[in-house]
Amino acid sequence: MTDTAPAVPETTTLTALLEEVPDLRRRLGGTSQDWTIDEVGDANVNFVFRVGGPEGAVCVKQAPPYVRVAGRSWPLTPERVVYEYRALEEHGRAAPGAVPTPLHLERDAHLLVMEFVEGQTVLRHHLSRGGVHPGLGEQVGGYLARTLFATSDLGMDAGRKRDLVAEFETNTEMCRMTEDMVFTEVYHDFHRNWWTTPDLDAEVLALRSDPEVLTAVSRLKYRYLTSREALLHGDLHTGSVMVGAGCSRVFDHEFACFGPLGFDIGGFLAHLLIAYFAADARDGGRRRAVAGESVQQMWLLEEVERTWDAFREGFLDRWRSAAHGSAFPARLFTGPGAEVALEAERSAYLERVLTDAVGFCGAELIRRLVGFARPVDLTGIGDRATRAGCEIRAMRLARSLLTEADGYRSVADVTAAARHLRAGWYPG
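Residues numbered from 1 in each chain as written. Predicted model: local features only at pLDDT ≥ 70, side-chain atom pairs only at ≥ 80, totals over all residues. Heavy atoms only, no water.

S.K.: I tried to follow the pairing of strand S3 (residues 57–62) on my own but got confused; where do I start?
M.R.: Burial analysis of S3 places 6 of its 6 residues in the buried class, the great majority of the element. By the alternation rule, side chains of S3 split into Ala57, Cys59 and Lys61 and Val58, Val60 and Gln62, which are all buried. Bridge count for strand S2 (residues 47–52) against S3 is 6 bridges, and the pairing is antiparallel. Across the sheet, residue Val48 finds its bridge partner in S3, namely Lys61. Remark: 4 residues form the turn of the hairpin made by S2 and S3, two consecutive strands paired antiparallel. (Buried < 20%, exposed > 50% of the residue type's maximum accessible area, 1.4 Å probe, protein only. Helix = DSSP H or I, 4+ residues; strand = E, 2+ residues; numbered from the N terminus. Pairing = 2+ DSSP bridges.)

Printed below as a string of structure tokens:
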């Protein structure tokens, strides 16, 4: 899928750049002669390294002027690290400890240095081994509540928000990649699409020929293009969350932009659902606990619900206690019945966010089943027929979420639909 293997940046260049920054020298300790560099992660877009010294370690991300996994045939702005650095700053202020601390930006070299989080693993890898992470939903949902509220008009002065919107509005190439890959490319013939063929051919054809599907996804694309509700992570999934030691860290903010609140929420939920369906392939689908589900599968659906619940409660709590933004000014809601009316508006607002999140969840599921960046949860299933079975179930849920989003009145409706779809193949 690549025209040429991407060249790994020379380690001597990296160490020379780090050595010029006093704070980084002190953090690592010693001199560059004492430092070790190891490439880490399985990033699709950038090179990522752990640089270790006598006193500590840092994470270094370098952005080549192309998409790493595709090679030079797919050019991409290396300026993406600038937006990632700034998003880490903004989200770090809103949710301390939920993201790695950004330490240095070397703009000319397209190099970002951040805190290296020891003792954690990428959530997707942890899930693919059958693991669970207690507290995941509360942690990620809390991150979403804090960051999305703080960068919205509810938590931020309108003038400051306009300045921030203008800054991230120029992350054009990364946003265009989202616009194309999530909302457009998978719905017509395109050279980067791939799926399990011939098993999913009929499913893909049905999607592409269904006006209801095409209208629904186009409506969501319009929301993504026109909404500026809050500063999004922009690509939140189980591959951009690290877990361990009772906490989670969210990373890889290079797709950061202002957009609808439901986009990040729906994206993350989609990947928990992918893991739910993919788990049927583990051990030949034999590990069942209750009603035909494995312990991990039951936990995954619980975390879908907990993520939304933690977001909703955290967002509402901040709206009630820390609404310092320009929207819904408190001075207007002091008369008789005003707080009751405002609370009703808060509930209605979150209902609209849920509808958005459900739709975006469906779109993300389809994109990951048919498009270029398919997750290892699915591609790692060696038996084609087994993989296709997991994917067809996920695809049928995705279509319902996409086209019937307003029919899902609670997140429990989403998990019930996922469970019902599975039950047809794995009756308890």
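S.K.: Help me understand unusual backbone geometry in this model?
M.R.: Negative phi values dominate among residues other than glycine, just as trans dominates among peptide bonds. Looking along the chain, the bond that leaves Thr197 and enters Pro198 is cis, with omega of 10 degrees. Considering the arrangement of structural elements, one finds Pro198 in the loop between helix H7 (172–183) and helix H8 (201–208). You will see that His110, though not glycine, has its phi angle at about 55 degrees, which is positive. One can find His110 in the loop between strand S6 (102–106) and strand S7 (111–115). Of note, Phe328 is a non-glycine position whose phi angle comes to about 50 degrees, a positive value. As for its position among the elements, Phe328 is in the loop between helix H11 (295–321) and helix H12 (338–370). Owing to a relative accessible area of 29%, Phe328 belongs among the partly exposed residues under this scheme.

S.K.: When you look at the nonpolar core in this model, what are you seeing that I'm missing?
M.R.: A general feature of soluble globular proteins is that nonpolar side chains tend to end up buried together. With 94 residues, the main nonpolar core has Leu273, Phe311 and Phe315 as its most contacted residues. Contacts of Phe311, omitting those with residues within four sequence positions, involve Gly141, Leu144, Ala145, Leu148, Leu261, Ile265, Leu350 and Val353. Residues Trp35, Phe47, Phe49 and Val113 belong to the second largest nonpolar core, which totals 15 residues. (Core = buried A, V, L, I, M, F, W, Y, C linked by side-chain atoms within 4.5 Å. Contact = heavy atoms within 4.5 Å.)

S.K.: Help me understand helix H5 (residues 136–150), please; the structure alone is not making it clear to me.
M.R.: For an α-helix, 3.6 residues make a turn, and residues three or four places apart therefore share a direction. Under the 1.5 Å per step criterion, the end-to-end length of H5 is 21 Å for 15 residues, consistent within 8% with the ideal 21 Å. For H5, the tally of buried residues reaches 11 of 15 residues, placing the bulk of the element in the interior. (Expected span 1.5 Å × (residues − 1).)

S.K.: Whenever I open this one, helix H15 (residues 411–423) confuses me. Can you help?
M.R.: Its 13 residues place the ends of H15 19 Å apart at the C-alpha level, agreeing with the 18 Å of an ideal helix rising 1.5 Å per residue. Of the surrounding elements, those touching the buried residues of H15 are helix H10 (261–278), H11, H12 and helix H14 (384–403).

S.K.: Would you take a moment to explain the sheet that holds S3 for this structure?
M.R.: Paired through their backbone hydrogen bonds, the strands of a sheet run either parallel or antiparallel. Reading across the sheet, the 5 strands line up as S1-S2-S3-S7-S6 and stay open at both edges, with antiparallel pairing between neighbours. The sheet is open, and its two borders are formed by strand S1 (36–39) and S6, each paired with just one other strand. Here the strands of the sheet are splayed against their neighbours by 20 degrees on average, with no regard to which way each runs. Across 4 bridges, the pairing between S6 and S7 is antiparallel. In the sheet register, Pro102 faces S7, and the bridge partner there is Met114. On top of the sheet, helix H3 (residues 80–94) reaches S3, S6 and S7; it is set at about 155 degrees to S6, its chief contact. (Axes fitted to C-alpha atoms, helices over the stretch in contact; angles between N-to-C directions.)

Any functional reading would require information that these geometric values do not contain.
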